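Chain by chain, the residues run as shown.
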Amino acid sequence: MLDNEEFDAVVLGTGLIESIIASELAAADKKVLHIDRNPYYGGQFACFTLSAFIEWTIEHRDKRQTPLVDIFVGGIDSDSPTFSVHRAGEPKQTTTLSSSTKSPPDHASRLFDRLSAYIADSQTLPEHSDITERLGRLLDNSRKYAIELAPKVAYCRGELIDMIINVGIGEYVQFKGVERNYIVQNDIFERVPDSKGDIFASESLGLVEKRKLMKLMTAITDDSEDFAQLLGDCAEMSFAQFLESKFKLSGKLLHSVIFAVARAGSRDELGARTGCERVQKYAKSIGRYGRMAYLCAMYGGGSEIAQSFCRSCAVSGGTYILSEHVRSIESRDGEGRGYAVQLTHGRVFAKHVVLDPCYAPDALPSDSAISRAICILDYPVFGEDTTAILSYVADAGVVSMLYATQATLATPNGQCVLYAWTNGRLSDTRALLLRALTAVSGLRARPLFTALFEARDMQPAENSLHGLVYTAAPDSTLDFDSSVIHAQQVVAQLL
Amino acid sequence: MHGRRRQALREPSVNEKEQNRQRVEKYCALNTSVMNLRAQSVFTTPALDLTKRLLELNTELHTVWNYRRAILTHLDAWQDPAERQRVLESELDFLFEIIRKNVKSYWMWNHRVWTLNSMPQADWRKELALVARLLDLDARNFHGWDYRRFVVSHMEDMDVAEFAFTTEQINRDCANHSAWHNRSKLLPGVLAKSGNAAEMLRSEQGLVLNAIYTDPDDQNAWLYHEWLVGIQTSDEDRCRMLRDKVAAIRELLELEDGDDASSKRPLIELVGALAAIDKLEAVTGEEKSECLDTLHTLKNIDGGHVGRYSDMIQMLGKRWELYQ
């Protein structure tokens, strides 16, 4: 099949970053071979049906990057999960606990059987049948879920949207506006205004706060000489200090701007200039497509957009292979002759190899990680037709959250999904994530299914092959632009 | 429509010039035939069709609209109510088609009003929905708002709903003068109907205050407040409202930097309010100096109106016998 064929570039992994790179290289008339070891597209941005997500938990996840996945079926009040999936593919017991004896084992119940092997020893059988029933019910609607590994939204005016428009793949992806932006502190929800109209109509902002906020937004977006001067004078200040001293912001208003608009991970993280740039980006996005700053894609943003770039690459002549594994990558003899990539089904040569670090057999997980939670609730707490982002701010840290419903085809009718993520190892952040989920689900909704895991940063080994180009993992920002910028930098390097 | 950029004019190409010339020729020919028929008082269906073609090209020909109305009333169908309804309904369809070309044609709106007035059974709900869509596209189109008032006047019990509609429009854009204006038309009726007029007035003041704090430069809220003060029945009420206004402006000014241009309007309003209070009841010595100090500040920051401020200082000074 692939008999010593020559390529300009072999790209390993079909995550968003790799897909943009492949598409841009192909558009520049390079011969591209794009491979994924999974039977699906999307890599670390992949999006799954419920059963496919469980499949990922058991089978496809990179065990070095994500050593375990905690799954809670039902409530998350107790800290102990229903299943704690460590070593994949190695069931602890062989007894099956599926309740469906009549019909031949379908995919869902087979899946369930494999998962049931991870039930903690301490649980007794009657509880098991309760779990089997609940999980079975959820799996009946498996196809109506679109569960993302790395959820993100897109700024209405930003690098991703501009790139989608320029490359011409806008027709492949459908978006919906993110209507609401909340900041949650001390269990109090404040809706962050998205426009002058929102500020005017807000019932939680006092008059003085409205005036201060309008002054700030006008100053930052008008970007006059005076403002540039002011910013220059305050270059040394943190964004928080700048807002406090020059615009007299305080309390919840200050936090709304820092966390929910400028999206800082901590109070003093951003400098004055960066903070203002972030606010400008937010304000410039509002109004382009409606009264919102962000767009959320249907069927899972990262995955759909990655696939659109793959489609674009294929149209420009790129070759695609899924479920293909890389056995080895070696340097070809002599300077600048590139690499020999040994796949399961043959060998190819490439001038360049671009890879998701998970494809490097000698890559090691570092101590920096993003902890993630996915929580399916039995009631859409912000409404059936809404998409929202939230910032959960606590002393222990800041959690970014995304709320999605059937409006973006993320869940069946009558349910919703809450994504929560924050920087750090799961052992340190687990309690914070669970608190954030509980605060948002509140009293009206109960969790049906929750998964917690971490994605550790994979570093290529010290002595890894020289010249391989490694892509970054999805970062903890809310939007795709950093991924796009990174991809564009890689492309500039290669072309 | 509001908020759209003007397109830069460019010189038409030779092709375009020729096309334009042909279009103009056709138009003039059509215009001539229609005017001839009108001169001969021809009131037939073919004549009606010709007027339709002409009006599609130019909605501003009020003579032709008049002629069209004359033809319609002379048709046999006019005598029978059912037939008349059908004819006028298709008239509405025709108007709906051409509305997209020019939303601001007085004559077209006038014809629509005539059509609805002449119809045996007008569907006012449908008209309301139509004008709501128009206002969605352009919330400040006064033709739309005028037409909305016309439609609502033919419906029952719409005051409260319409009032809520203006609230919605103001919330969306507090600089929408048409919405504030419409609100002022409805408020007296709503106040009369509500059990608690004082409460309502307070919430109106709250709305105004909200707008002032959100955008102190925008004149709509200030004008509405002036009107609110005007509809008060007693001097006492007027003074109270004006004093509330003064207090609010003082708070607002504390937030602004002194030389910030946006604090010009509140200063002017402060002076105006104090002067107005003074006409109704005596102001304190402190308030007098506050007023005059503000005028001096205004002279410094608003050079364009120095003369006016100087005049006011003189006039007030005389009234208060502060200068000889």
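Structure's up top.
Rules used throughout
- Counting starts from 1 at the beginning of each chain's written sequence and moves along it residue by residue.
- Chains and ligands are labelled by the order in which they are written, letters from A for the one and numbers from 1 for the other.
- Confidence filtering applies because this is a predicted model: local features only for residues at pLDDT of at least 70, side-chain atom pairs given and counted only at 80 or more, and all residues used for totals across whole chains, interfaces and linings.
- Hydrogens and water are ignored here; the side-chain numbers use all heavy atoms of the structure.
- For the exposure calls, accessible area comes from a 1.4 Å probe over protein chains only, and a residue counts as buried if that area is under 20% of its type's maximum, exposed if over 50%, partly exposed in between.
- Here a strand is any run of E in DSSP of at least two residues, a helix any run of H or I of at least four, and the numbering for each starts at the N terminus.
- At least two bridges found by DSSP between two strands is the condition for calling them paired.
- By the criterion applied in these results, polar contacts are pairs of N or O atoms within 3.5 Å in which, for protein atoms, one can donate a hydrogen and the other can accept it, and in which residues neighboring in sequence qualify only through two side-chain atoms.
- It only takes one pair of heavy atoms within 4.5 Å for two residues to be counted as in contact.
- Only residues whose relative accessible area exceeds 30% and that form no salt bridge are eligible for patches; like-charged ones are grouped when within 9 Å, while nonpolar side chains (Val, Leu, Ile, Met, Phe, Trp, Tyr) are grouped when within 5 Å.
- The method behind every accessible area is Shrake-Rupley, applied with a 1.4 Å probe, and residues are considered shielded solely by the protein chains displayed.
- Whenever a carboxyl oxygen of Asp or Glu lies within 4 Å of a side-chain nitrogen of Lys or Arg, that contact is scored as a salt bridge.
- For the charge count, each Lys or Arg is scored as positive and each Asp or Glu as negative, with His and the chain ends excluded.
- To locate a charge, take NZ of a lysine, CZ of an arginine, CG of an aspartate or CD of a glutamate.
- Here the expected length of a helix is defined as 1.5 Å per residue gap, with one fewer gap than residues.
- For helices, the fitted axis covers only the stretch in contact; all axes are lines through C-alpha atoms, and the angles between them, taken along N-to-C directions, range from 0 to 180 degrees.

A. Spotlight on the pairing of strand E15 (residues 346–355) of chain A. All names here are of chain A. Most of E15 sits out of view: seven of its 10 residues are buried. Here strand E14 (residues 339–343) hands over to E15 after two residues, the two strands then running antiparallel side by side. For E15 and strand E21 (residues 469–470), the ladder comprises two bridges, and the chain directions are parallel. Opposite Val 354, over in E21, you have Val 469 as the bridge partner.

B. Representation of the side chain of Glu 287 of chain B. All names here are of chain B. Turning to its location among the elements, Glu 287 is positioned in helix H14 (residues 285–301). A distance of 3.0 Å separates the side chain of Glu 287 from the backbone nitrogen of Thr 284, its partner in a polar contact. Setting aside chain neighbours within four positions, we find Glu 287 in contact with Arg 243, Arg 250 and Leu 274.

C. Highlighting a negative patch on the surface. Negative charge collects at one region of the surface, where Glu 89, Asp 93, Glu 97 and Asp 123 of chain B lie side by side. By the secondary structure assignment, Glu 89 of chain B is in helix H4 (residues 81–99).

D. Highlighting a nonpolar patch on the surface. A cluster of nonpolar side chains, namely Tyr 106, Trp 107 and Phe 142 of chain B, defines an oily patch on the protein surface of about 320 Å² accessible area. Following the sequence through the fold, Tyr 106 of chain B ends up in helix H5 (residues 106–118).

E. Fine view of the sheet that holds strand E7 (residues 154–155) of chain A. Read across the sheet, three strands follow the order E7-E11-E8 (chain A) without closing on themselves; strand pairing throughout is antiparallel. At either margin of the open sheet sits one strand with a lone partner, and together these are E7 and strand E8 (175–177) of chain A.

F. Inspection of helix H3 (residues 62–74) of chain B at higher detail. Residue and element names in this part refer to chain B. Over its 13 residues, H3 extends 18 Å from the first C-alpha to the last, a length consistent with the 18 Å expected when each residue adds 1.5 Å. Among all positions in H3, only Val 64, Trp 65, Tyr 67, Arg 68, Arg 69, Ile 71 and Leu 72 are buried. Contacts from the buried residues of H3 go to helix H1 (14–39), helix H2 (45–57), H4 and H5.

G. Geometry of the sheet that holds strand E20 (residues 447–459) of chain A. Residue and element names in this part refer to chain A. Here we have nine strands laid out as an open sheet, ordered E5-E4-E20-E16-E19-E18-E17-E9-E10, and mixed in their pairing. Single-partner strands in this sheet number two, and they are strand E5 (83–85) and strand E10 (188–191). Each strand axis lies, on average, 20° off the axis of its neighbour in the sheet, ignoring direction. In the packing of helix H13 (residues 426–441) onto the sheet, contacts are made with strand E4 (69–73), E10, strand E16 (364–377), strand E17 (388–394), strand E18 (397–404), strand E19 (416–423) and E20, and the angle to E19 comes to roughly 145°.

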